[in-house]
Amino acid sequence: MSTSYTHRPGALREPVLNYRNITKRYGQFQALHGISLDVFKGEVVCLIGPSGSGKSTVLRCTNALEAINSGEILVNGITLPKDDRSIRKVRQRMGMVFQNFELFPHKNTLQNVAIALTTVLGMNVADANAHAARMLEKVGLSDKMENYPANLSGGQQQRVAIARALAMQPEVMLFDEPTSALDPETIGEVLSVMKTLAEEGMTMVVVTHEMTFARKVADWVIVFDQGTIIEQGPSAQIFDNPTVERTRTFLNHLGWSG
Amino acid sequence: MNYDWSVVWQYRQMLLDGIGITILLTVLTMLVAVPGGILLALMRLSSMPWLARGSTAFVELFRNLPLILVVYWAFYVMPMVSDIELSAFNTGLLALCLNVSAYNSETFRAGIQSIRKGQAEAAVALGFSNTQAMFKIILPQAWRRVLPVLASTWVALFKDTSLVSVIAVGELAHASMTIRSQTFRVLEMLTAMAVIYWMLGYPQAKLVDWIREKYKVNE
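Let us look at the structure shown here. (Residues numbered from 1 in each chain as written. Chains lettered and ligands numbered in written order. Predicted model: local features only at pLDDT ≥ 70, side-chain atom pairs only at ≥ 80, totals over all residues. Heavy atoms only, no water.)

1. What to know about the overall build of chain A
Tallying secondary structure elements over chain A gives nine helices and ten strands in all. Computed over C-alpha atoms, the radius of gyration of chain A comes to 18 Å, within 12% of the 18 Å expected from 2.2 N^0.38 for 258 residues, which places it in the range of a compact globule. Along the first, second and third principal axes, the C-alpha set of chain A runs to 55 × 45 × 40 Å. Burial statistics for chain A: of 258 residues in total, 55% are counted as buried. In chain A, 68% of the contacts between residues at least 6 apart in sequence involve partners at least 24 apart. For chain A, the accessible area works out to roughly 11000 Å², and carbon and sulfur atoms hold 47% of it. Averaging the positions of the 25 positive and the 26 negative side-chain charges in chain A gives two centres separated by 5 Å. (Helix = DSSP H or I, 4+ residues; strand = E, 2+ residues; numbered from the N terminus. Rg over C-alpha atoms; globule rule 2.2 N^0.38 Å. Buried < 20%, exposed > 50% of the residue type's maximum accessible area, 1.4 Å probe, protein only. Contact = heavy atoms within 4.5 Å. Areas by Shrake-Rupley, 256 points an atom, 1.4 Å probe, with all protein chains shown as cover. Lys, Arg positive; Asp, Glu negative; His and termini not counted. Charge placed at Lys NZ, Arg CZ, Asp CG, Glu CD.)

2. Notes on the overall build of chain B
A tally of helices and strands in chain B yields nine helices and zero strands. Mapped from its N terminus to its C terminus, chain B presents α and β elements in the order α-α-α-α-α-α-α-α-α. Each principal axis of the C-alpha atoms in chain B carries an extent, and together these give about 75 × 45 × 25 Å. Expressed as a percentage of the 219 residues in chain B, the buried residues total 43%. Restricting to contacts in chain B with at least 6 residues of sequence separation, those with at least 24 account for 78%. Counting every atom, chain B has about 11500 Å² of accessible surface; 66% of that belongs to carbon and sulfur.

3. Regarding the interface of chain B and chain A
The interface of chain B with chain A comprises 21 residues on the first partner and 24 residues on the second. With both sides pooled, the region where chain B packs onto chain A buries about 1900 Å², and carbon together with sulfur makes up 62% of that total. Its largest share of buried area at the contact with chain A, chain B owes to Glu121, Ala125 and Leu126 of chain B, together 29% of the area lost on that side. Linking chain B with chain A are two salt bridges, by the criterion used here. (Buried area = accessible area lost by both parts, 1.4 Å probe. Salt bridge = Lys/Arg side-chain N within 4 Å of Asp/Glu carboxyl O.)

4. Describing the pairing of strand E2 (residues 29–40) of chain A
Residue and element names in this part refer to chain A. Bridging between strand E1 (residues 15–26) and E2 involves eight bridges; their strand directions are antiparallel. Paired with Tyr26 across the strands is Phe29, a residue of E2. Hairpin connection between E1 and E2: a loop of two residues separates the two successive antiparallel strands, and Gly27 in this loop has a positive phi of roughly 60 degrees. (Pairing = 2+ DSSP bridges.)

5. Focus: the nonpolar core
Ranked by size, the top nonpolar core spans 125 residues in total, and within it Ile162, Met173 and Met204 of chain A carry the most contacts. No other element matches the nine residues that helix H7 (residues 130–160) of chain B contributes to this core. (Core = buried A, V, L, I, M, F, W, Y, C linked by side-chain atoms within 4.5 Å.)

6. A word on the sheet that holds strand E8 (residues 203–207) of chain A
Whether parallel or antiparallel, the strands of a sheet pair through hydrogen bonds between backbone atoms. All names here are of chain A. If you walk across this open sheet you meet the six strands as E6-E7-E8-E3-E9-E10, and the pairing is mixed. Each edge of the open sheet carries a strand with a single partner, namely strand E6 (94–97) and strand E10 (228–233). Direction aside, the axes of adjacent strands within the sheet are offset by 15 degrees on average. When strand E3 (residues 44–48) meets strand E9 (residues 220–225), the two strands line up parallel, connected through four bridges. Paired with Leu47 across the two strands is Ile222, which belongs to E9. Across the sheet, helix H6 (residues 184–199) lies against E3, strand E7 (172–176) and E8, angled at about 145 degrees from E8, the strand it touches most. (Axes fitted to C-alpha atoms, helices over the stretch in contact; angles between N-to-C directions.)

7. Considering the sheet that holds strand E4 (residues 70–75) of chain A
Residues and elements named next belong to chain A. Across the sheet, which stays open at both edges, the four strands sit in the order E2-E1-E4-E5 with antiparallel pairing between neighbours. With one partner strand each, in any of the chains shown, E2 and strand E5 (78–79) form the two edges of the open sheet. In terms of strand pairing, E1 meets E4 through five bridges, oriented antiparallel. What sits directly across from Tyr19, in E4, is Ile73. Sheet strands touched by helix H1 (residues 55–62): E1, E2 and E4. Its angle to E1, the strand with the most contacts, is close to 115 degrees.

8. Examining unusual backbone geometry
All names here are of chain A. One non-glycine residue, Gln169, lies in positive phi territory at about 50 degrees. For Glu177, which is not glycine, the phi torsion reads 45 degrees and is therefore positive. If you trace the backbone, Glu177 turns up in the loop between E7 and H6. What makes Glu177 buried here is its relative accessible area of 11%.

9. Focus: the environment of Gly92 of chain B
All names here are of chain B. By secondary structure assignment, the location of Gly92 is in helix H5 (residues 88–114). Using a relative accessible area of 0% as the deciding quantity, one classes Gly92 as buried. The sequence separation of Gly92 and Val70 amounts to 22 residues, and the corresponding C-alpha distance is 9.0 Å. Beyond its immediate sequence surroundings of up to four residues, Gly92 is in contact with Val164 and Ile167.

10. Brief notes about the packing of helix H3 (residues 49–63) of chain B against H5 of chain B
Residue and element names in this part refer to chain B. At a minimum axis separation of 8 Å, H3 and H5 run at an interaxial angle of 120 degrees. Both H3 and H5 take part in a crossing whose hand is left-handed. Between H3, through Phe58, Val59, Phe62 and Arg63, and H5, the contact on the second element is made entirely by Leu98, Asn99, Ser101, Ala102, Tyr103, Ser105 and Glu106. In terms of residue class, the contact of H3 with H5 is made up of six nonpolar, three polar and two charged. (Left-handed = near helix turned anticlockwise from the far one by under 90°. Nonpolar A, V, L, I, M, F, W, Y, C, P; charged D, E, K, R; others polar.)

11. What to know about the packing of aromatic side chains
All names here are of chain B. For the structure shown, the criterion picks out seven aromatic pairs over all chains. A centroid spacing of 5.0 Å and a plane angle of 85 degrees characterise the contact between Phe75 and Tyr76, whose relative ring orientation is edge-to-face. The interplanar angle of 15 degrees and the centroid separation of 6.0 Å between the aromatic rings of Phe108 and Trp143 together place this pair among those described as stacked. Separated by 35 residues along the polypeptide, Phe108 in helix H5 and Trp143 in helix H7 bring together distant segments of the chain. Here Trp143 falls in the partly exposed class, since its relative accessible area comes to 35%. An aromatic cluster of three or more residues is present, and its members are Tyr72, Phe75 and Tyr76. Over the ring of Trp9 we find Arg12, and its NZ or CZ is 4.2 Å from the ring centre. (Phe/Tyr/Trp six-rings, centres within 6.5 Å; stacked < 30°, edge-to-face > 60°. Lys NZ or Arg CZ within 6 Å of the ring centre and 35° of its normal.)

Structure representation (structure tokens):
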């Protein structure tokens, strides 16, 4: 496994996430075999690879939605805590976007974005709503504040989910296949919001099958297969000049031709 | 055979009191058994094994005993084996609460479990505690889903309150039976009782249908 960072500009900055030899088992199934990787401040890191290769598991372990079996995850240099109260503090600083949006169907758009501000941060409703409205403006949904999720398109729902995560002013955003459940015509609007975020310097870890996005936006691409990292490098290298045969096979299967 | 329907009018005050007590029993039982059902469901789903086991034991006991037996037991046996001695009304209320709480618990448990796991994960990922996720995200959605079931339970309970007549709580069934035994007007009183129960119950059943329609899950 190559972990040469010579071409990684981000490596000069401070690390936000370090994964050190993490393993994860589901019963008999070994989902992760000792994964080590780093995410530096301001980087967009894309995790790619076939389904079931462990990309999403890495993401879900990052904010302790899943517990790792061994190894260590460091957030800003500090080991991910085990006790509930401390984990909650860490989660507040990480935004997570899910494949199925997971908006709260009993809350309208504005409430979806504001509810964590009042519940978790203890903000008063007026301030929370004002802040939530700014976040919705950022993702281009100012006109949908009163709508309920059921009355939004998939792309709109996912943009609300991004606004909901951003409202907590996270240090890092975790995207778990954010466009996989979307109609082709709404994928673009979500990717463009993500691209804007990247340009603003947000640290992002993105599990994706959108190779064009990964090629254009990622600073660093990590290729997973069967619970291991088979290759990582700058996006140009991975997509234009992969060194590992299995990476080439995977990209060919997706119809990627550079 | 000659009918004398005048007894219904003659004893109207007693019947009205009976209706009042029937409604009161239904309302009070639900006021206890809805929070009680939620509490039992949360206990059963909790990660603390002794809480879960306690709740399971309670639910499986009272769901599988005939209500009339619980009524009798609370009335005759409870004062014998403990110092607790309640009025007939309170005894009847207690028996109904035990029974309906057990049923509601299963209703809420099913409702909570029907909300997909991602909802709790989304809340927790935002920094919610498990309790906050339960009360702000899961329960409000589960509540909407189980409302029609709760409404059906309400209608069933309204009729089942008649069972506490066996310990002389003066609700509608007991009032009717008392009038019957005082006047020997069996046909008139049983018919009047049926008409009254039906006239009160039917609008409630219609209300249930309306609630079912109005709160249809829309996701």
